[in-house]
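One letter stands for each residue in the lines below.
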Amino acid sequence: MTTEMGSTAETDKGEPAGDEPKKSRAGRNLPAAIGVGLLLGAAVIVSLVTVKEIFIGIVAIAVGVATYELSSALKRSAGIQVAFWPVFVGGQAMVWLAWPFERNGVVSAFVVTILACLLWRFRGGIEDYLRDVSASVFTAAYVPMFASFAAMLVVPDDGVARVLCFLIAVVASDTGGYAAGVLFGKHPMAKVISPKKSWEGFAGSMIAGVVGGWLSLNLMLGAQWWQGALFGAAIVLTATLGDLVESLIKRDLGIKDMGNLLPGHGGLMDRMDSLLPSAVVSWLLLRLFVPS
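The structure contained in this document is the topic of the report that follows. (Residues numbered from 1 in each chain as written. Predicted model: local features only at pLDDT ≥ 70, side-chain atom pairs only at ≥ 80, totals over all residues. Heavy atoms only, no water.)

What follows concerns the overall build of the protein. For the protein, the helix and strand inventory stands at nine helices and two strands. Listing every helix and strand of the protein by position from the N terminus yields α-α-α-α-α-β-β-α-α-α-α. Buried residues in the protein amount to 55% of all 292 residues. The contacts in the protein between residues at least 6 apart in sequence include a share of 74% that link residues at least 24 apart. Only carbon and sulfur atoms are counted for the fraction: they give 70% of the accessible area of the protein, which is about 12,900 Å². (Helix = DSSP H or I, 4+ residues; strand = E, 2+ residues; numbered from the N terminus. Buried < 20%, exposed > 50% of the residue type's maximum accessible area, 1.4 Å probe, protein only. Contact = heavy atoms within 4.5 Å. Areas by Shrake-Rupley, 256 points an atom, 1.4 Å probe, with all protein chains shown as cover.)

Within the fold, Ala140 resides in helix α4 (residues 129–153). Note on Ala140: relative accessible area 0%, which makes it buried. Considering only alpha carbons, one finds Ala140 and Ala83, 57 residues apart in sequence, at a separation of 9.7 Å. Once you skip the residues sitting within four places of it in the chain, Ala140 turns out to touch Val87, Met94, Phe110, Thr113 and Met145.

This part covers helix α7 (residues 225–253). Note that an α-helix has 3.6 residues per turn; residues three or four places apart therefore point the same way. Here α7 contains 29 residues, and its C-alpha end-to-end distance of 42 Å stays within 8% of the 42 Å for a straight helix at 1.5 Å per residue. Where α7 terminates, the next one or two residues include Gly254, which has phi positive at roughly 75°. (Expected span 1.5 Å × (residues − 1).)

Within this structure, the stated rule accounts for 10 aromatic pairs. Relative to Trp85, the ring of Phe84 has its centre 5.1 Å away and its plane inclined at 70°; by these criteria the two rings are edge-to-face. Relative to Tyr142, the ring of Phe138 has its centre 5.1 Å away and its plane inclined at 20°; by these criteria the two rings are stacked. Highlighted residues: Phe138 and Tyr142, both in helix α4, separated by four residues, approximately one helical turn. A relative accessible area of 37% places Phe138 in the partly exposed class. With relative accessibility at 7%, the residue Tyr142 sits in the buried group. An aromatic cluster is built from Tyr68, Phe84, Trp85 and Phe88, whose rings are joined through pairwise contacts. For Arg123, the ring lying beneath its charged end belongs to Trp120, and the centroid distance is 4.5 Å. (Phe/Tyr/Trp six-rings, centres within 6.5 Å; stacked < 30°, edge-to-face > 60°. Lys NZ or Arg CZ within 6 Å of the ring centre and 35° of its normal.)

With that out of the way, let us pick up the environment of Ala150. With respect to the secondary-structure elements, Ala150 resides in helix α4. By relative accessible area, which is 0% here, Ala150 ends up buried. As for Ala150 and Ser282, which are separated by 132 residues in sequence, their C-alpha atoms are 8.2 Å apart.

So, in structure tokens, the structure goes:
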């Protein structure tokens, strides 16, 4: 579901140890990260230019894997028991119902998922009931519900262009932030949460994101230049927020990555951090600027 090379600004990885491959100044195995990003991006592009419904399947697979990674990280690091099967099944329902029923299908599936989580946790008794149910609802909202907005982007007749505008803005933000951060980053943006993110990287994200949003919306959807620029700026903000939220969660849990599925990237959830909130804002703004 993502073509990201990294996070919105610089990634927050540790230093290489032992015989690990040499990493870039941003702290990761750059060749592996680029290779994985290109493969994921190619899969998304192929789905969009062939059968649009395949894109829904890619979103659903990504949601399933990310749900497992987040649930496992919460259990492994903090002993939090997410109601995995209700969240997993409910998450798939949210994504797939986004195609025929759009918002009504997503919201209905989300509400039923919450009810299922409340009942499922009865099996664990009284202790930590509120904690585990809260984490389950958070997981259901943060991963599948947010991702469902990406699925809804592809539904209209011009859905392929909408998805591409969303991805171009996120990738432009990510690439601009990565380059500016590596070359010029000196002033930490959120030192406690993510030490390697800098204001210089954020500025690079904003410039690239605004240009990417302006060009993509104008050329593919016929939007006004200011709409594209505003769209790009909004995506930079949400992508940065999503990346910082993910870093904060991992700091709280005391872990480096949510998983190790993707070489050079960590887990799939680690690459969806900026995409998830950006999908929501993309759907809202594109619906406002370019009514289908």
